[in-house]
Amino acid sequence: MSGTEFSQQFINALSLGSIYALVAIGLAIIFSILRLINFAHGEVVMLGAFFTWYWNKIGVPFLLACVLGIGCTVLAGVLMERVAYRPMRNAPEVSLLLTSLGVSIAVRNSATMIFGEQVQKFPTPTRMEDQVSFLGADIKVTNLITIGLALSLLVLLTWFVTRTRMGISMRAAAENPMAARLMGININVVIVVAFIISSALAAVAGILWGARVGRIEPLMGFVPVLKAFVATVIGGFGSIPGAVLGAFILGFGEIFFVALVPDSISGYRDAFVFGALILILLVRPQGLLGSTEPEKI
């Protein structure tokens, strides 16, 4: 592999890992506080892309459509928490799991009825499709925007959970919900904020995914959330640093697997991904950054 090709694949891997990281962080935040594996998170990713597509379709400029799309997705995420998850909060974990599956199916079918089941062209601006020279390689502007935006959001989220009162409250709720209540922390507010952050990150990931592949459909959330789930398991479920690490390992593994192996077997990259997952879990069942203690965000 030449230096130019390596630079190109490196940026592609960093871009793909960035999208996986945004989705995986949302899964990790919700799991750390509620111990809920939110299977409906893929539908939140899909809603972010479709709301943006809809606002742009009716004439709203793309950047404003993105902001409105993220806002609508956040409202949908909060509604899911209020209607579906809050009444089940003290139910057994298996009931929460089944509830998330039910929410996933309901949202997907609702989106199909509202937006249609056809594949839609995502309104990626022409400038994002342009290419720029980077280390001798021609890189899509979309990839550079994805990397820059994802890293900026990661820095902002790190600041939020370590320097703000609400972020510290979220960490306390993830560590010990009962102790957090005794300290006067409103768990309901903490959970709503967690869903706001999770939904916003998922919406951004959905927009970036739509811009990356150029099309959207009601089933589009399945692949990103499946890969994000694998990333969180690799890194340690419920750990934000673990989710980010697992996402970038997954992104780099997929891209360089396709780049390095013959074309005849490059289509088996998902088998490689899940094979790597099994190997990692055999060595560290708790994940790379996980522990046997309750997970912390």
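See the structure printed just above.
Counting starts from 1 at the beginning of each chain's written sequence and moves along it residue by residue. Confidence filtering applies because this is a predicted model: local features only for residues at pLDDT of at least 70, side-chain atom pairs given and counted only at 80 or more, and all residues used for totals across whole chains, interfaces and linings. By convention in this description, side-chain values take in all heavy atoms of the structure and omit both hydrogens and water.

Visitor: When you look at the overall build of the chain in this model, what are you seeing that I'm missing?
Guide: Secondary structure follows DSSP: runs of H or I at least 4 residues long count as helices, runs of E at least 2 residues long count as strands, and numbering of each begins at the N terminus. When helices and strands are counted, the chain shows 13 helices and four strands. The C-alpha atoms of the chain give a radius of gyration of 19 Å, which matches the 19 Å a tight globule of 297 residues would have. Along the first, second and third principal axes, the C-alpha atoms of the chain reach 60 × 50 × 35 Å. Burial classes follow relative accessibility: with a 1.4 Å probe on protein chains only, a residue under 20% of its type's maximum area counts as buried, one over 50% as exposed, and anything between as partly exposed. Considering the chain as a whole, with its 297 residues, one finds that 51% of them fall into the buried category. Pairs at least 24 apart in sequence give 75% of the contacts found in the chain among residues at least 6 apart. Only the protein chains shown count as covering a residue, and every accessible area follows the Shrake-Rupley method with a 1.4 Å probe. Accessible area of the chain: about 14,000 Å², with a carbon and sulfur share of 67%. When we talk radius of gyration, it's over C-alpha atoms, and the globule rule is simply 2.2 Å times the number of residues to the 0.38. What makes two residues a contact is simply this: any of their non-hydrogen atoms within 4.5 Å.

Visitor: Quick question: what am I supposed to make of the packing of aromatic side chains here?
Guide: Geometry of an aromatic ring pair is reported as the spacing of the ring centres plus the angle between the planes. Classification of ring pairs uses Phe, Tyr and Trp, with its six-membered ring standing for Trp, and accepts pairs whose centres are within 6.5 Å; under 30 degrees between planes counts as stacked, over 60 as edge-to-face, and the remaining range as tilted. Tallied over the entire structure, the rule returns 12 aromatic pairs. Each ring, one from Phe-10 and one from Phe-252, has its centre 5.2 Å from the other, and the planes form 65 degrees; the classification is edge-to-face. Here Phe-10, found in helix H1 (residues 3-34), pairs with Phe-252, found in helix H11 (residues 240-260); they are 242 residues apart in sequence, far enough to count as distant. The class of Phe-10 is partly exposed, set by a relative accessible area of 34%. Plain terms: the ring middles of Tyr-54 and Trp-55 are 5.9 Å apart, the flat faces sit at 70 degrees to each other, and that makes the pair edge-to-face.

Visitor: Any chance you could explain the pattern of salt bridges here in plain terms?
Guide: Oppositely charged side chains can pair when the atoms bearing their charge come close. Salt bridge criterion: a side-chain nitrogen from Lys or Arg within 4 Å of a carboxyl oxygen from Asp or Glu. Evaluation of the coordinates by the stated rule reveals five salt bridges. A salt bridge links Arg-108 to Glu-43; the nearest nitrogen and oxygen atoms lie 3.3 Å apart. Within this pair, whereas Arg-108 is found in helix H4 (residues 93-115), its partner Glu-43 is found in helix H2 (residues 41-57), the two being separated by 65 residues in sequence. A relative accessible area of 24% places Arg-108 in the partly exposed class. Measuring nitrogen to oxygen at the nearest pair gives 3.2 Å for the salt bridge that ties Lys-140 to Glu-129. Placement of the pair is Lys-140 in strand S3 (residues 137-140) and Glu-129 in helix H5 (residues 126-129), with a sequence separation of 11 residues. With a relative accessible area of 31%, Lys-140 lands in the partly exposed category. Salt bridges sharing common partners tie together Glu-81, Arg-86 and Arg-89.

Geometric values such as these leave the question of function open.
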